Protein chains: 2
Amino acid sequence: MSDFLKKHISELIHLTDDEFETVQTFFIKKKFRKRQFLVQEQQPVTEIYLIEKGILKSSTLDSTGKEHILQLATAHWWISDFAAFFKEEISSLAVDCIEDSEVYAISYENLNILCSKLPAMEHFFRIKSNFGYVALQQRILSLMSKTARERYEDFVKQYPGFIDHIPKQLIASYLGVSRETLSRLYS
Amino acid sequence: MSDFLKKHISELIHLTDDEFETVQTFFIKKKFRKRQFLVQEQQPVTEIYLIEKGILKSSTLDSTGKEHILQLATAHWWISDFAAFFKEEISSLAVDCIEDSEVYAISYENLNILCSKLPAMEHFFRIKSNFGYVALQQRILSLMSKTARERYEDFVKQYPGFIDHIPKQLIASYLGVSRETLSRLYS
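Conventions adopted
Residues numbered from 1 in each chain as written. Chains lettered and ligands numbered in written order. Predicted model: local features only at pLDDT ≥ 70, side-chain atom pairs only at ≥ 80, totals over all residues. Heavy atoms only, no water. Helix = DSSP H or I, 4+ residues; strand = E, 2+ residues; numbered from the N terminus. Buried < 20%, exposed > 50% of the residue type's maximum accessible area, 1.4 Å probe, protein only. Salt bridge = Lys/Arg side-chain N within 4 Å of Asp/Glu carboxyl O. Domains from an automatic or database assignment. Contact = heavy atoms within 4.5 Å. Buried area = accessible area lost by both parts, 1.4 Å probe. Polar contact = N/O pair within 3.5 Å; in protein donor to acceptor, adjacent residues only side chain to side chain. Nonpolar A, V, L, I, M, F, W, Y, C, P; charged D, E, K, R; others polar. Pairing = 2+ DSSP bridges. Axes fitted to C-alpha atoms, helices over the stretch in contact; angles between N-to-C directions.

Asker: In this structure, what is going on with unusual backbone geometry? I would like to understand it.
Answerer: Generally, phi is negative for residues other than glycine and the peptide bonds are trans, each holding for most cases. Residues and elements named next belong to chain A. A positive phi angle, close to 50°, is found at Glu-88, a residue other than glycine. Relative to the helices and strands, Glu-88 is located in the loop between α3 (82-87) and β7 (94-97). Note on Glu-88: relative accessible area 57%, which makes it exposed.

Asker: Help me understand the pattern of salt bridges, please; the structure alone is not making it clear to me.
Answerer: Note that side chains of opposite charge can pair when their charged atoms are close. Residue and element names in this part refer to chain A. Using the criterion set out here, one finds 21 salt bridges over all chains in the structure. Two residues, Asp-17 and Lys-6, come together in a salt bridge whose shortest N-O distance is 3.1 Å. Placement of Asp-17 in helix α2 (residues 17-24) and of Lys-6 in helix α1 (residues 3-10) is noted, with a sequence separation of 11 residues between them. Looking at Asp-17, the relative accessible area reads 51%, which means it is exposed. The class for Lys-6 is partly exposed, based on a relative accessible area of 29%.

Asker: When you look at the domain arrangement of chain A in this model, what are you seeing that I'm missing?
Answerer: By convention, interface size is frequently given as the accessible area that disappears when the constituent parts associate. Residue and element names in this part refer to chain A. Once the domains are mapped, chain A shows domain 1 (3-145) and domain 2 (146-187). For domain 1 versus domain 2, the distance between C-alpha centres works out to 23 Å. Taken together, the contact pairs 19 residues of domain 1 with 16 residues of domain 2. Both sides together, the interface formed by domain 1 and domain 2 hides about 1300 Å², and carbon and sulfur atoms give 63% of it. On the domain 1 side of the contact with domain 2, Ile-69, Leu-72 and Ser-142 bury the most area, a combined 36% of that side's loss. At the surface where domain 1 touches domain 2, the tally comes to zero salt bridges. At the boundary of domain 1 and domain 2, one finds five residue pairs in polar contact (both at pLDDT 80 or more). Within the residue set of the side of domain 1 that touches domain 2, elements represented by two or more residues are β5 (67-73) and α5 (119-145). A total of seven residues in the side of domain 1 that touches domain 2 trace back to one element, the largest contributor, which is β5. Among the residues making up the side of domain 1 that touches domain 2, the classes are represented as 10 nonpolar, five polar and four charged.

Asker: How do you make sense of the environment of Glu-88 of chain B when you look at a structure like this?
Answerer: The spatial distance from the C-alpha of Glu-88 of chain B to the C-alpha of Asn-130 of chain B is 20 Å, given a sequence separation of 42 residues. Among the polar contacts listed, one links the side chain of Glu-88 of chain B to the side chain of Tyr-108 of chain B, at a separation of 3.4 Å.

Asker: Looking at this structure, I do not really get the sheet that holds strand β1 (residues 28-32) of chain A. What am I missing?
Answerer: Strand pairing in a sheet relies on backbone hydrogen bonds, with the paired strands running either antiparallel or parallel. Residue and element names in this part refer to chain A. With respect to topology, four strands assemble into an open sheet ordered β1-β8-β3-β6, the strand pairing being antiparallel. The sheet is open, and its two edges are formed by β1 and β6 (78-79), each paired on a single side. In this sheet, strand β8 (residues 101-107) lies alongside strand β3 (residues 47-53) in antiparallel orientation, the contact comprising six bridges. Within β8, the residue paired with Ile-51 across the bridge is Val-103. Relative to the sheet, α1 contacts β3, β6 and β8, its axis offset from that of β3 by approximately 110°. Strand contacts of helix α4 (residues 108-117): β3 and β8, with the helix running at about 65° to β8, the strand carrying the most contacts.

Structure (structure tokens):
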């Protein structure tokens, strides 16, 4: 059993060793290089990903070709185009690696079988989904009602130790500010 | 058993009549007048609400006193400050009624007991949480990457028949545009 997967799941629920062994069979470990894509825009989205190592982002391009970042994620975060995954639609987001990354992938079918087989895992994914909702709610309130400086300060708090590993241009895009505004916030 | 509650839950899962009777005991029916608050800012949030009738909004005030609307919701939608509810923190949102409304309330404790008692209800709430996540993701992408006109068109599609029941000022606030910009989009 992967120690990482066991640690990640044990933070929310208790499983026996046998149950952990079962859970692991539903995941596939995958490695990706920096700049490789896990999800491409306008494609079906068949998996969600739990990150063990690395940094990934989910983003979209607007009609002028400008990139907007929905999520920046590292170890113990989940990433995908969840909207496309859960609704079984084609993606409006791309997911790619900012650094070399290792993830655990689970397919839509496996997720549903696992949840019906082990009620504790249904509970796990309910709680995870609630936390994902919470993160997005905070992101919307931040985008709607906070100044660039407040958004930057929230980012630093939410991603401690993260900021030095991500190109400034991506942080600016995540915060919805220009590269020049971000430079002023740094100083 | 409330026909409304039964219909709402049956859209996602199958329960026996006895199970429906059990489910109903976990909810409390509540009625609110236009402008009454279900959740106030900076207070503990002990319940989430399934709307049977009426229109409600969740919103926050920024440091200048301007209102920003996170959610506009009507029959069959769920509303609360979910972030505060799930993390058991004080609220950063207020929830109040745009029209007289009737809701089914469930407490944090009852939600967890119900989910552990009936695995099908844990499944129900996992799927509902996923859909909530999807709605917020679409809202963020819309706020970040779409023009005011595109956001308005999305709103009309997402809330058919809704637009005539909500004051224009609130729609403008939901879309993140000025009242004047909204008037131009109407024309």
